[in-house]
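One-letter residues, chain by chain:
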Amino acid sequence: MAWEKEKQFTTSIDLDIPEKGVDLAKLIYDVAQDCDNSGGYRRTIDFSGLLDDILTTIETVRVRRDNPNLPEEENQKLVDAITADNTRKQEELAAAKAAKREKIKQLFHGNAVEGYELAYRICQKDGSAEAKELSYRMLSGLKHLPVEERLGICNTYVESLIDLGESGNNIAKVFCRMAGLVYPVSKKMDYTLCLSFYEKAYEYIDEPCRMLDEIIGFCNLYKINELREKCVHKKANL
């Protein structure tokens, strides 16, 4: 069933949508966020028409400057024509964008979870560093995936960061995220995997941050003195 859904999805995209690969995944993810009513996502502000507005303002100023001897009424007609043309273009672009987003929305029936899954599957096939980053960013929307697979997303992303020359807190954040995925819900549970991720996070932390407090809190809970003392020392010296 899942394979048939993905096959149908891919065919629809090939026929109707110009975006491919990670660009398509980004679009699907963005539309899925609009469909998400869980309250956990912030909506982005669309600035796509801002440049056109600025250029239109510059053009209207230029018209007045280049026609100082024209009566004000004639100058105003020119300005109005420029403004009307810009408004028309923006309305056409907005309509085209809305139609495309509605088409994308229909592919996953407005179900945000299905949208995240489709975007994630495309990222897996794309395999680029950008796709790995997007998979990581949408992690909170992929709660239906097994913990092991979500850890794999984090691990693939952190390896990509290291390959790109990243270091320090940016990598530590990913390891703390991984620790959160396996954080014991009870003190009776095995905490060793969580500890291993926190130890890796500690190694990369190179600037003051709340992550040290997070690790210290974990160590206090499970009486892990060695790592706690290291974190306290690092916190005092950063």
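Going by the structure above, here's the rest.
Now for a quick tour of the structure. Counting from 1, residues in each chain are numbered in the order their sequence is written. In keeping with the predicted nature of the model, local features appear solely for residues at pLDDT of at least 70, side-chain atom pairs appear and are counted solely at 80 or more, and the whole-chain, interface and lining totals rest on all residues. No hydrogens and no water enter the side-chain calculation; it runs on all heavy atoms of the structure.

What follows deals with the overall build of the protein chain. A helix here means a DSSP run of H or I that spans at least four residues, while a strand means a run of E at least two residues long, and both kinds are numbered starting from the N terminus. For the protein chain, the helix and strand inventory stands at eleven helices and zero strands. Working definition: with a 1.4 Å probe on protein chains only, accessible area under 20% of the residue-type maximum means buried, over 50% means exposed, and in between means partly exposed. Per-residue burial over the protein chain gives 33% buried out of 238 residues. In these tables, accessible area is a Shrake-Rupley quantity obtained with a 1.4 Å probe, and a residue counts as shielded only by the protein chains included in the view. Surface exposure of the protein chain reaches about 14800 Å², of which carbon and sulfur atoms provide 53%.

Further remarks concern helix α4 (residues 72-107). With 36 residues, α4 extends 52 Å between its outermost C-alpha atoms, agreeing within 8% with the 52 Å of an ideal straight helix rising 1.5 Å per residue. Taken residue by residue, α4 has Asn75, Val79, Asn86, Arg101 and Ile104 as its buried positions. Following α4 by one or two positions, His109 adopts a phi angle in the positive range, close to 55°. Here the expected span of a helix is defined as 1.5 Å times the quantity of residues minus one.

Structurally, Ala201 is set in helix α9 (residues 192-204). Each C-alpha atom, one on Ala201 and one on Cys176, is 6.0 Å from the other, the two residues being 25 residues apart in sequence. Contacts are assigned to residue pairs with any non-hydrogen atoms lying within 4.5 Å of each other. Those residues in contact with Ala201 that sit more than four places away from it in its chain are Ala172, Phe175, Cys176 and Ile215.

So, on to the packing of α9 against helix α11 (residues 225-237). Inter-axis angles, ranging from 0 to 180 degrees, are taken between N-to-C directions of lines fitted to C-alpha atoms, where helices are fitted over the stretch in contact. One can describe the packing of α9 onto α11 by two numbers: an axis separation of 11 Å at closest approach and a directional angle of 25°. Overall, the two elements α9 and α11 adopt an arrangement that is roughly parallel. The two elements α9 and α11 meet at a crossing, and its hand is left-handed. When α9 is examined against α11, the residues Leu195, Tyr198, Glu199, Tyr202 and Glu203 are found in contact with a partner set consisting of Leu227, Lys230, Cys231 and Lys234. Put simply, Ala, Val, Leu, Ile, Met, Phe, Trp, Tyr, Cys and Pro go in the nonpolar bin, Asp, Glu, Lys and Arg in the charged bin, and everything else, Gly too, in the polar bin. Of the residues that constitute the contact of α9 with α11, the class distribution is five nonpolar, no polar and four charged. Throughout, the term roughly parallel applies to angles under 35 degrees, roughly antiparallel to angles over 145, roughly perpendicular to angles from 65 to 115, and oblique to all others. Definitions for this section: a left-handed crossing has its near helix turned counterclockwise from the far helix by less than a right angle. A right-handed crossing has that turn clockwise.

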